[in-house]
Structure formats: structure tokens, C-alpha cells
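Architecture and fold: a report
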Amino acid sequence: AQSVTQPDIHITVSEGASLELRCNYSYGATPYLFWYVQSPGQGLQLLLKYFSGDTLVQGIKGFEAEFKRSQSSFNLRKPSVHWSDAAEYFCAVGPFDGGSQGNLIFGKGTKLSVKP
Amino acid sequence: KAGVTQTPRYLIKTRGQQVTLSCSPISGHRSVSWYQQTPGQGLQFLFEYFSETQRNKGNFPGRFSGRQFSNSRSEMNVSTLELGDSALYLCASSLASGGKTGETQYFGPGTRLLVL
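Residues numbered from 1 in each chain as written. Chains lettered and ligands numbered in written order. Predicted model: local features only at pLDDT ≥ 70, side-chain atom pairs only at ≥ 80, totals over all residues. Heavy atoms only, no water.

Remarks on the overall build of chain B
Scanning chain B from N- to C-terminus turns up zero helices and eleven strands. The secondary structure elements of chain B, listed N-terminal to C-terminal, are β-β-β-β-β-β-β-β-β-β-β. Compactness check: chain B gives a C-alpha radius of gyration of 13 Å against a globular reference of 13 Å for 116 residues, within 12% of the reference. Considered along the principal axes of its C-alpha atoms, chain B spans approximately 40 × 25 × 25 Å. (Helix = DSSP H or I, 4+ residues; strand = E, 2+ residues; numbered from the N terminus. Rg over C-alpha atoms; globule rule 2.2 N^0.38 Å.)

Below you can see the structure in the form of C-alpha cells.
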């Protein structure tokens, strides 16, 4: 069965430090991969996505992610974290049905706290 | 361009009642998907509508239903509410040009439902 694992439930980093959030997926073929961010009381905002091609994907707010097929991973990185990056981050895989694009499977999320 | 809007934002119901949530997609978007977010289960896909037709459905009981109107607005209904239905219900829309898959989903702020 398809699944997404985010091993870290909560991460705390200092402002200005680098960040890497881990995401591993289980899927039978090359998936579509997404990272979303959710601030308290808000919906989800797309940070970046991978469909095909270059395995290093650039997103908004200075985030990037690298698709590694051999490791079934799609880790999110940022070289220097800002206090405003404190939020919950979700990795997602999908879609699975050829005619549908709604069926995203999400990881459980990683909550990021930023120390001043 | 206005984002995805969801009404109401907050709702309190009692067990056994039914509830209807509304979602207005971004103008021009034809696909609307619904997700349930709870602390225990995380984000789970409910269903997706495209051109007024449900074309994908998650693993939820029949008490959960939805529909889409000709202007792409969507509603979801939950009948015979249970305590476990307390959750944040998120709606997402995508352009779905030509019914293509993998296009970016834009999420609304969600409707927080509390069942007492």
C-alpha cells in the first residue's frame, strides 16, 4: 500500500540554522511528491512539488527538496531558517488514479519550532 | 484572484445531527477535493469532484457525501454525526485543465467541526 512517513514529529532549530525535514514514501512507481506547510488555524500552502525531471526542486520561501529514488525519499531543506518558518510541514504523495488528482496521501507532519 | 473559501469556519453540532459544509474553489478551477484532518489520523482524503461528478473516493463510510454544482462550488454532508467526526475539514481546488492529473491543489482555510 502507498504510504508516506515523516519520522520526526517535532523539530526545534535555532533561527539562522539550516533545516532538513525527512520524508520517505512507499509507492510502486515514480510518484508525484509534494511538500505543504500549515500555520496554526490555516489551510495548507504548497511549498514545492516534484513530478519528473531534475531531482532537486526549488520552492517558495527559500525551500528546496531532493528526490532520491534509491532511498524513496523526498527531504525538504532550507539553508537558513527564519522565525516565520515555525509551522507544521506535510509531505504528500499522489495522485494514484489515472483520472483523478485528488487522492493525495499525506504524512503525519513535522512540527517545526524556531528558537530565537 | 480570490483563494479557496470555505464556510462556515467553525461549527458545533451534537451527535446524531447532520452538517453541510461549503467550498468555493478558485475561479476557473474545476476540480474540488475534500480532506479530513484529525490529530490521530492526520490528513485523509475524502473525495474529489470534477465537472459535477465524483471521480475518486477515500475510505470513509457512506455518512460522508458530497456534490459539486455547475459553477464548481462543492458541498460535503455528514449525516448522523459521531464524536469521531470532530475534525478540520479542508477543501482543495485545482485547475484540472483537460482533466489532467498532478496539477497543484490549493487549499482553503478549513471548517473546524466539533461534535458534542
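A word on the pattern of salt bridges
Residue and element names in this part refer to chain B. In this structure the tally under the stated criterion is nine salt bridges over all chains. In this structure, Glu48 engages Arg55 in a salt bridge whose closest nitrogen and oxygen atoms are separated by 3.0 Å. Classification of Arg55 as partly exposed rests on a relative accessible area of 21%. Residues Asp85 and Arg63 are paired through a salt bridge, measuring 2.8 Å at the closest nitrogen-oxygen approach. You can see Asp85 sitting in the loop between β8 (74–78) and β9 (87–94) and its partner Arg63 sitting in the loop between β6 (53–57) and β7 (64–68), a full 22 residues away along the chain. (Salt bridge = Lys/Arg side-chain N within 4 Å of Asp/Glu carboxyl O. Buried < 20%, exposed > 50% of the residue type's maximum accessible area, 1.4 Å probe, protein only.)

A closer look at the pairing of strand β8 (residues 64–68) of chain A
Residues and elements named next belong to chain A. Here three bridges tie strand β7 (residues 56–58) to β8, and the two strands are oriented antiparallel to one another. Note that in β8 the partner of Gln58 across the bridge is Glu64. Remark: five residues form the turn of the hairpin made by β7 and β8, two consecutive strands paired antiparallel; Lys61 in that turn has positive phi of roughly 60°. Two successive antiparallel strands, β8 and strand β9 (residues 73–78), enclose a turn made up of four residues, where Ser72 displays a positive phi of approximately 50°. (Pairing = 2+ DSSP bridges.)

Focus: the side chain of Ser73 of chain A
Turning to its location among the elements, Ser73 of chain A is positioned in strand β9. If near-sequence neighbours (up to four positions away) are discounted, Ser73 of chain A is found in contact with Cys23, Asn24, Tyr25, Glu66, Phe67 and Lys68 of chain A. (Contact = heavy atoms within 4.5 Å.)

Points about the environment of Gln6 of chain B
All names here are of chain B. Assignment of secondary structure puts Gln6 in strand β1 (residues 5–7). Judged by its relative accessible area of 4%, Gln6 is buried. Sequence-wise, Gln6 and Gln54 are 48 residues apart; in three dimensions their C-alpha atoms are separated by 19 Å. Ignoring anything within four residues of it in the chain, the contact list for Gln6 reads Ser22, Cys23, Trp34, Tyr89, Leu90, Cys91, Gly108, Pro109, Gly110 and Thr111. Polar side-chain contacts of Gln6 include one of 3.0 Å to the backbone nitrogen of Cys91. (Polar contact = N/O pair within 3.5 Å; in protein donor to acceptor, adjacent residues only side chain to side chain.)

Description of the state of the cysteines
Within the structure shown, the criterion is met by two disulfides over all chains. There is a disulfide in this structure between Cys23 of chain A and Cys91 of chain A, and the S-S distance comes to 1.9 Å. The sign of the S-S torsion, about -65°, decides the handedness of the disulfide formed by Cys23 of chain A and Cys91 of chain A: left-handed. Of this pair, Cys23 of chain A sits in the loop between β3 (19–21) and β4 (24–26) while Cys91 of chain A is found in strand β10 (residues 87–94), placing the two residues 68 residues apart along the sequence. By relative accessible area, Cys23 of chain A is classed as buried at 0%. Note on cysteine connectivity: Cys23 of chain B is disulfide-linked to Cys91 of chain B, with sulfurs 1.7 Å apart. Residues Cys23 of chain B and Cys91 of chain B share a disulfide whose torsion about the S-S bond is about -55°; that sign makes it left-handed. Of this pair, Cys23 of chain B sits in strand β3 (residues 19–24) while Cys91 of chain B sits in strand β9, and the two are 68 residues apart along the sequence. On the accessibility criterion, Cys23 of chain B (0% relative accessible area) is buried. Residue Cys91 of chain B is classed as buried on the basis of its relative accessible area, which comes to 0%. (Disulfide = S-S within 2.5 Å.)

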